[in-house]
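# Secondary and tertiary structure notes
Listed below are the residues making up each chain.
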Amino acid sequence: MTTLQPATRHASLRAGDEWWKAAVVYQVYPRSFADSNGDGIGDIPGIIEHLDHLEDLGIDVVWLSPVYASPHDDNGYDISDYYAVDPSFGTLEDLDELIVGLHARGMKLVMDLVVNHTSDEHGWFRQSASSRDNPKRDWYIWRDPRDGAEPNNWGSFFSGPTWTLDETSGQYYLHLFSSKQPDLNWENPDVRSAIYQMMNWWLDRGVDGFRMDVISFISKHPDLPDGRVNEGASYADGIDFYGSGPRVHDYLQEMHREVFAGRDAELMTVGEMIDATPEKARLYTDSTRHELNMIFHFEHVGLDHGPGGKFAPKPLQLVELKQSFARWQRELADVGWNSLYWNNHDQPRVVSRFGNDTDYWYESATALATVLHLMRGTPYVYQGEELGMTNMPFSSIDQFRDIESLNYYREATVAGGRAQAAEVLAGIARGGRDNARTPMQWSSDPNAGFTAGEPWIPVNPNHADINAAAQRDGNRSVFAWYRGLINLRHTEPVVIDGAFDLLLPEHPQLFAYTRTNEDTALLVVANCSNDSAPLDAALVTAWGSAETILANNVGDRRLPLLMLPWEVIVLKRITG
Ligand code: TEU
Ligand code: CA
């Protein structure tokens, strides 16, 4: 069934602009969104019960993290049947009902496409692993041992090597992630056509596009050469040999021809690309190349990673952050398109990570939202971000569920004693993905209204204060602030097409920029610090008489000479 929905064409869109340039995407991590049947696990009927929340927020697209059949080794990013909905999330009919419900509200559904790898419980891998001469052997990446060990020195994102020995055949298979997530061999045209067939099947069911998981990894260097082993590491970072490899653009352009080109529905694609640079992103998102509409890069969410990586973070430098954003705004100004995000299911919560979730919770949540949402690109709101949900106060390794964190803890504490274990735990608590995966906080009821049963992961105790019900009215409501920002994107053309110019690039507290087109100029200035910040007098003079205060999170102030901690102001001037 294809219910072709005309994309909601917002007033901010210019004629000829693609609809997703004025869209805002909301990511649902189904396991933690809403549980309808009391088994403690979020599900599709639970999402359907909360469509009003999404519609009230004003979002245009839901990006749904995987709901396919899976053994959940990596919470669904290990798919065992692309054509089935995992029973823990519901049925195909539930998914059809979600599509209808979203479309009826003028919203679209983008599914998570995980095709760099499958689960080791997928029928394809079971056949491939059954014998060396099985017709599907070459659907995955098998290699003979090298000197009796792994074929190369790459390390997995989830600790250990990226190779696991299959005793039956005496060969190793490649898995960039867990040993239960074997990488598909995209060199094999049969693999590619099976994937395109599956994608077409979902689009024919009314899905409106895909978020493509680690899609830049699908073309590996044919020799799978050793990488450089960093000081103190057991394995090499092989990303130079599997990130944006030799045929990745061929594959994406072939995918476009085989799946998207012939369709008149208005679809959206976004690729997750850990290795992306602005130069690469221009190639992937240049509309004349027919690859992807946009990509997620990881530059800004790596700025607080210390030398030991994400679990040994260092303080963020605001100057580095805003100059990173400015570079991406500049590099994709004339070609391609940016995605804009702080959060997703892999990142700790931004109000705790880059803001101040204690003294300035509301101010920093709204300031960070504003500086992100008024840049040029498509913003992504991760479930709970619109409520100012914070990191979880983890206190024991038993509270964690994420394979990445659990494997890291086991590997990092094998040598040291209790003190070291406490330090490792603190690093995981700050940077771990489970911070994003605690249940959505709907109300102050038990389990935050997420489930009537035992939640699969602990609920954040601050749900008593931070929850959707408490933010229904406008007073210090992060939800209301996000709704206002989304409305600005839908109504102000300058937010879509205005040129971005960073101001005060070296200022250690202020994140300030303008957006200008032929008839409007916006000024966004945020004090991203816990201290007051004097405003540049020239800026106050230049903008003091701006027509409209579009937003101020501490009161109806124009440009004061002294910005309060985490104060953000948006001014608008008609210039044409
Ligand atoms: O993420 C890719 C990825 O590398 C992230 O897991 C993240 O960068 C990681 O924490 C390393 O620091 C995608 C999915 O978003 C993630 O949830 C999956 O675990 C992963 O791919 C494998 O499918
Ligand atoms: Ca459930």
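Residues numbered from 1 in each chain as written. Chains lettered and ligands numbered in written order. Predicted model: local features only at pLDDT ≥ 70, side-chain atom pairs only at ≥ 80, totals over all residues. Heavy atoms only, no water.

## Description of the overall build of the protein chain
Threshold: Helix and strand assignments follow DSSP, with helices taken as H or I runs no shorter than four residues and strands as E runs no shorter than two, numbered in order from the N terminus. Using C-alpha atoms as the atom set, the radius of gyration is obtained and then compared with a globule rule of 2.2 Å times the number of residues to the power 0.38. Burial status follows relative accessibility: with a 1.4 Å probe on protein chains alone, a residue under 20% of its type maximum counts as buried, one over 50% as exposed, and anything between as partly exposed. Here a residue-residue contact requires only that any non-hydrogen atoms of the pair lie within 4.5 Å. For the charge count, each Lys or Arg is scored as positive and each Asp or Glu as negative, with His and the chain ends excluded. Think of each charge as sitting on NZ of Lys, CZ of Arg, CG of Asp or CD of Glu.
Counting its secondary structure elements, the protein chain contains 16 helices and 22 strands. Scaling as 2.2 N^0.38, a compact globule of 576 residues should have a C-alpha radius of gyration of about 25 Å, and the protein chain matches this with 24 Å. If one aligns the C-alpha atoms of the protein chain with their principal axes, the spans along those axes are about 75 × 60 × 45 Å. Counting over 576 residues, the protein chain shows a buried share of 62%. Residue pairs at least 24 apart in sequence account for 70% of intrachain contacts in the protein chain once pairs closer than 6 positions are excluded. When the 47 basic and 82 acidic side-chain charges of the protein chain are each reduced to a single mean position, those positions are 3 Å apart.

## Topic: the coordination of the calcium ion (ligand 2)
Note the cut-off: Metal coordination here is assigned from N, O and S atoms located within 2.8 Å of the ion, or within 3.2 Å for Na, K and Ca; omission of water means that sites may look incomplete.
Bound to the calcium ion (ligand 2) on the protein side are Asp 35 (OD), Asn 37 (OD1), Asp 39 (OD), Ile 41 (O) and Asp 43 (OD), at distances that span 2.2 to 2.4 Å. Motif for the calcium ion (ligand 2), donor spacing along one chain: D-x1-N-x1-D-x1-I-x1-D. A relative accessible area of 2% means that Asp 43 is categorised as buried.

## Overview of the side chain of Asp 86
For clarity, the threshold we go by: Think of a polar contact as two N or O atoms within 3.5 Å of one another; within protein, one of them needs to be a possible hydrogen donor and the other a possible acceptor, and neighboring residues in sequence only count if both atoms come from side chains.
Counting through the fold element by element, Asp 86 comes out in the loop between strand 4 (81-85) and helix 3 (92-104). Polar contacts involving the side chain of Asp 86 include one to the side chain of His 72, which spans 3.1 Å. When neighbours within four sequence positions are excluded, Asp 86 is seen to be in contact with Val 67, Tyr 68, Ala 69, Ser 70 and His 72.

## Some details on the sheet that holds strand 18 (residues 520-527)
As a reminder of what qualifies: Between any two strands, pairing holds if DSSP finds at least two bridges. Lines are fitted to the C-alpha atoms to define the axes, a helix being fitted only along its stretch in contact, and any angle between axes, read from their N-to-C directions, falls within 0 to 180 degrees.
Reading across from one edge, 16-17-18-22-20 is the order of the five strands in this open sheet, with antiparallel pairing throughout. Each edge of the open sheet is held by one strand with a lone partner, namely strand 16 (499-503) and strand 20 (548-552). Across the sheet, the mean angle separating the axes of adjacent strands is 15° when strand polarity is ignored. Pairing of strand 18 with strand 22 (residues 568-574), which is carried by seven bridges, proceeds in the antiparallel orientation. Residue pairing for strand 22: Ala 521 is matched across the bridge by Arg 573.

## Describing the packing of helix 12 (residues 403-413) against helix 13 (residues 418-431)
Selection rule: The labels follow the angle: roughly parallel below 35 degrees, roughly antiparallel above 145, roughly perpendicular from 65 to 115, and oblique for the rest. Crossings are assigned a handedness: left-handed for a near helix turned anticlockwise from the far helix by less than a right angle, right-handed for a clockwise turn.
Relative to each other, helix 12 and helix 13 sit at 155°, their axes nearing to 10 Å. Here helix 13 runs roughly antiparallel to helix 12, going by the angle between their axes. Here the hand of the crossing between helix 12 and helix 13 comes out right-handed. Mapping the contact onto sequence places Ser 405, Tyr 408, Tyr 409, Ala 412 and Thr 413 in helix 12 and Gln 420, Ala 421, Val 424, Leu 425 and Ile 428 in helix 13.

## Some thoughts on the domain arrangement of the protein chain
What counts is decided by this rule: Where each domain begins and ends follows an automated or database-derived domain assignment. Two parts placed together each lose some accessible area under a 1.4 Å probe, and adding up what both lose gives the buried area. Basic side-chain nitrogens of Lys or Arg form a salt bridge, by our definition, when they fall within 4 Å of a carboxyl oxygen of Asp or Glu. By the convention adopted, Pro, Cys, Tyr, Trp, Phe, Met, Ile, Leu, Val and Ala count as nonpolar, Lys, Arg, Asp and Glu as charged, and the other residues, Gly among them, as polar.
Taken as a whole, the protein chain is organised into domain 1 (20-119 + 189-485), domain 2 (123-174) and domain 3 (498-574). If you average the C-alpha positions of domain 1 and of domain 2, the two centres end up 28 Å apart. The interface of domain 1 with domain 2 comprises 28 residues on the first partner and 19 residues on the second. Contact between domain 1 and domain 2 buries roughly 2000 Å² in total, counting both sides, with carbon and sulfur atoms accounting for 63%. Considering only the surface of domain 1 that becomes buried against domain 2, Leu 224, Asp 226 and Tyr 235 emerge as the three largest contributors, covering 30% of it. If you look at where domain 1 meets domain 2, you find one salt bridge. Broken down by secondary-structure element, the contributors of at least two residues to the side of domain 1 that touches domain 2 are helix 5 (189-204), helix 6 (239-242) and helix 12. Considering each element in turn, the side of domain 1 that touches domain 2 owes the most residues, five residues, to helix 12. Partitioned by chemical class, the residues of the side of domain 1 that touches domain 2 number 15 nonpolar, six polar and seven charged.

## Focus on helix 7 (residues 248-260)
The following threshold applies: Expected span of a helix, by definition, is 1.5 Å for each gap between consecutive residues, and there is one gap fewer than residues.
For helix 7, with 13 residues, the first-to-last C-alpha span of 17 Å sits near the 18 Å given by 1.5 Å per residue. Regarding helix 7, the residues found buried are Val 248, His 249, Tyr 251, Leu 252, Glu 254, Met 255, Val 259 and Phe 260.

## Here we look at the nonpolar core
As a reminder of what qualifies: Nine residue types can take part in a nonpolar core, namely buried Ala, Val, Leu, Ile, Met, Phe, Trp, Tyr and Cys, and a core is a set of them joined through side-chain atoms within 4.5 Å.
Judged by nonpolar contacts, the single largest core of 142 residues is most densely connected at Leu 95, Leu 98, Leu 109, Met 111, Met 199, Phe 210 and Met 268. Other than its neighbours up to four places away in sequence, Phe 210 contacts Val 110, Met 111, Leu 113, Met 199, Trp 202, Leu 203, Phe 260, Met 268, Thr 269 and Val 270.

## Describing the pairing of strand 13 (residues 309-313)
Looking at chain direction, strand 12 (residues 305-306) and strand 13 are connected through two bridges and run antiparallel. Paired with His 305 across the two strands is Pro 313, which belongs to strand 13. As consecutive antiparallel partners, strand 12 and strand 13 are separated by two residues.

## Some thoughts on the pattern of salt bridges
Summed over the entire model, instances satisfying the criterion amount to 33 salt bridges. With a closest N to O distance of 2.7 Å, Asp 204 and Arg 263 form a salt bridge. Here Asp 204 is found in helix 5, whereas its partner Arg 263 is found in the loop between helix 7 and strand 10 (268-272), with 59 residues between them in sequence. With its nearest N and O atoms 2.9 Å apart, the salt bridge here joins Glu 291 to Arg 289. What makes Glu 291 buried here is its relative accessible area of 4%. Residue classification places Arg 289 among the partly exposed residues on the basis of a relative accessible area of 24%. Salt bridges sharing partners connect three or more residues here, namely Asp 74, Lys 310, Asp 346, Asp 402, Glu 404, Arg 433 and Arg 437.

## Some points on the site of ligand 1
How we decide: Consider each residue's heavy atoms; a residue with any of them within 4 Å of a molecule or strand counts as near. Per-residue and other accessible areas were derived by the Shrake-Rupley procedure at a 1.4 Å probe size, with only the shown protein chains allowed to occlude residues.
Neighbouring ligand 1 are 19 residues, the closest being Asp 74, Asp 213, Lys 310, Asp 346 and Arg 433. A distance of 3.0 Å is found between an oxygen atom of ligand 1 and a side-chain nitrogen or oxygen belonging to His 117. In the environment of ligand 1, an oxygen atom lies 2.4 Å from a nitrogen or oxygen atom belonging to the side chain of Asp 346. Against a free-state accessible area of 480 Å², the protein chains account for coverage of 94% of ligand 1. Taken together, the residues of the shell around ligand 1 break down into seven nonpolar, three polar and nine charged.

## Describing the packing of helix 5 against helix 7
Direction vectors running N to C along helix 5 and helix 7 enclose 40°, while the axes themselves pass 9 Å from each other. For the element pair helix 5 / helix 7, the angle class is oblique. Judged by the twist between their axes, the crossing of helix 5 over helix 7 is right-handed. Facing Arg 192, Tyr 196, Met 199, Asn 200 and Leu 203 of helix 5, the residues of helix 7 in contact are Tyr 251, Glu 254, Met 255, Glu 258, Val 259 and Phe 260. For the contact of helix 5 with helix 7, the class distribution of residues is seven nonpolar, one polar and three charged.

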